Amino acid sequence: MTRDPGHHEGGGRIGVLDVLRGIALLGMFLVHFKDRSYDSPGIGEAYKTFVYWFFDERFWAMFGILFGVGFAIQFRNAHARGDPYIAKYLRRMAALAVFGFIAEAVFGFNVLLSYAIWGIPLILFRNWRTPVLVVAVILSAASHTIYQVGNGLYAGATMGAVHYREQSEATSEYNKDH
């Protein structure tokens, strides 16, 4: 009988997640290397273009998702053991913030500091059921669009459609010039 590689029986590491973390770190390395590479014609420009199209946003997202998965697993395992975990989690976020400050100071990368800061409010969502989390993620992903539509509807209703369109066009022209 073969064991499912994604199966986890508490306490140990999850191999699949470790492999995904390694892939995410490699991708982040390539992305950061692209940002630090020279603007040279030929191979340098081809490398930057390749990384931009196939790595940039994908590995930022993958890294963020794996951060969230790790958060969920840590809290779930602590809950199953009956251990209080919030204090330990906050210490881990503080340690991550220290590494984030170092990475910011030395390399100019602030992603670890951002994770440490945004990891703290995650405590509020740790007991939410999965369907509720899925709805929250969808609403979060769509929040800018929802805001823009709501803002447009409100402005159209209070200013009138013609005045709103004129103001919107003026703003677009101003943004092009600045």
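Starting afresh in each chain, residues are numbered from 1 along the sequence in its written order. With pLDDT at 70 or above as the cut-off, local features in this predicted model cover only qualifying residues; side-chain atom pairs require 80 or more to be listed or tallied, and sums for whole chains, interfaces and linings still use all residues. Side-chain descriptors were evaluated using all non-hydrogen atoms of the structure, hydrogens and water having been removed beforehand.

*Asks:* Sorry if this is basic, but what is going on with the overall build of the chain here?
*Replies:* The number of helices and strands found in the chain is seven helices and zero strands. A run of DSSP states H or I qualifies as a helix once it reaches four residues; a run of E qualifies as a strand once it reaches two. Both are numbered from the N-terminal end. Listed N to C, the secondary structure of the chain is α-α-α-α-α-α-α in terms of helices and strands. Relative accessible area decides the class of each residue, using a 1.4 Å probe on protein chains only: under 20% of the type maximum gives buried, over 50% gives exposed, and in between gives partly exposed. Put simply, the chain has 178 residues, and 21% of those count as buried. Counted over contacts in the chain with a minimum sequence separation of 6, partners at least 24 positions apart contribute 52%. Surface exposure here means Shrake-Rupley accessible area, sampled with a 1.4 Å probe, where a residue is shielded only by the protein chains that are shown. If you sum the accessible surface of the chain, you get close to 13,300 Å²; carbon and sulfur atoms cover 67% of it. We call two residues in contact when some of their heavy atoms are within 4.5 Å.

*Asks:* Help me understand the nonpolar core in this model?
*Replies:* It is characteristic of soluble globular proteins that their nonpolar side chains tend to be buried jointly. Of all hydrophobic cores here, the largest spans 23 residues; its most connected members are F55, F63, F75, Y85, Y89, L96 and Y115. Elements that contribute at least two residues to this core include exactly helix 1 (15-36), helix 3 (56-81), helix 4 (86-107) and helix 5 (111-119). Counting residues per element, this core draws most heavily on helix 3, at six residues. Sequence-distant contacts of Y85, defined by excluding residues within four places in its chain, comprise Q74, F75, A78 and R92. For this analysis, a nonpolar core means a set of buried residues of the types Ala, Val, Leu, Ile, Met, Phe, Trp, Tyr and Cys, connected via side-chain atoms within 4.5 Å.

*Asks:* What is the right way to read the layout of surface pockets from this model?
*Replies:* Left-over empty space is what a probe sized like a water molecule reveals as it rolls over the atoms. Taken as a whole, the largest pocket holds about 1,200 Å³ of empty space. As for the largest pocket, its lining consists of 31 residues, and the residues nearest its centre are G68, F71, L122, F125 and L133. Those elements that place two or more of their residues in the lining of the largest pocket are helix 3, helix 5 and helix 6 (130-159). In terms of residues, the lining of the largest pocket owes the most to one element, helix 3, which gives eleven residues. For this classification, the nonpolar set comprises Ala, Val, Leu, Ile, Met, Phe, Trp, Tyr, Cys and Pro, the charged set comprises Asp, Glu, Lys and Arg, and every other residue, Gly included, is treated as polar. Looking at the lining of the largest pocket residue by residue, the classes come out as 20 nonpolar, seven polar and four charged. Cavity means a closed set of points on a 1 Å grid over the protein atoms alone, one where a 1.4 Å probe fits but cannot get out, pocket means an open set with protein on both sides within 12 Å along at least 5 of 7 lines, and lining means a residue has an atom within 4 Å of a point. Grid points are joined across faces, edges and corners, and a volume is the space filled by probe spheres set on the points.

*Asks:* Explain the packing of aromatic side chains here, please?
*Replies:* Centre distance and the angle of the planes are the two values used to describe a pair of aromatic rings. Pairs were defined over the aromatic rings of Phe, Tyr and Trp, the Trp ring being its six-membered one, requiring ring centres within 6.5 Å. Orientation was assigned from the angle between planes: stacked under 30 degrees, edge-to-face over 60, tilted for the rest. Going through the model one piece at a time under the given rule, you end up with twelve aromatic pairs. Consider the rings of Y52 and W53, whose centres lie 5.4 Å apart with planes at 85°: the pair is edge-to-face. On the basis of relative accessibility, which here comes to 48%, the residue Y52 falls in the partly exposed class. Ring centres 5.2 Å apart and planes at 65° place the aromatic pair F71 and Y89 in the edge-to-face group.

*Asks:* I would appreciate a short explanation of a nonpolar patch on the surface in the present structure.
*Replies:* The patches described consist of residues with a relative accessible area above 30% and no salt bridge, like charges being joined within 9 Å and nonpolar side chains (Val, Leu, Ile, Met, Phe, Trp, Tyr) within 5 Å. A side-chain nitrogen of Lys or Arg and a carboxyl oxygen of Asp or Glu constitute a salt bridge if their distance falls within 4 Å. A cluster of nonpolar residues, V98, F99, I102, V106 and F107, forms a patch on the protein surface that exposes about 520 Å² of accessible area. Here V106 is to be found in helix 4. Classification of V106 as exposed rests on a relative accessible area of 57%.

*Asks:* Help me out: how do you make sense of the pattern of salt bridges in this one?
*Replies:* For the structure on display, the rule yields two salt bridges. Salt-bridge contacts for D18 lead to R21; the nearest nitrogen and oxygen are separated by 3.1 Å. Of this pair, D18 and R21 are both found in helix 1, three residues apart, which corresponds to roughly one turn of the helix. Residue classification places D18 among the partly exposed residues on the basis of a relative accessible area of 27%. One salt bridge connects D83 with R81, and the closest N-O pair in it is separated by 2.8 Å. D83 sits in the partly exposed class, given a relative accessible area of 35%.

*Asks:* How do you make sense of the environment of Y89 when you look at a structure like this?
*Replies:* Within the secondary structure layout, Y89 lies in helix 4. Accessibility expressed as a relative area gives 1% for Y89, which makes it buried. Residues Y89 and F71, spaced 18 residues apart in sequence, show a C-alpha to C-alpha distance of 8.7 Å. In contact with Y89, not counting residues within four places along its chain, are F67, F71, Q74, F75, G119, L122 and I123.

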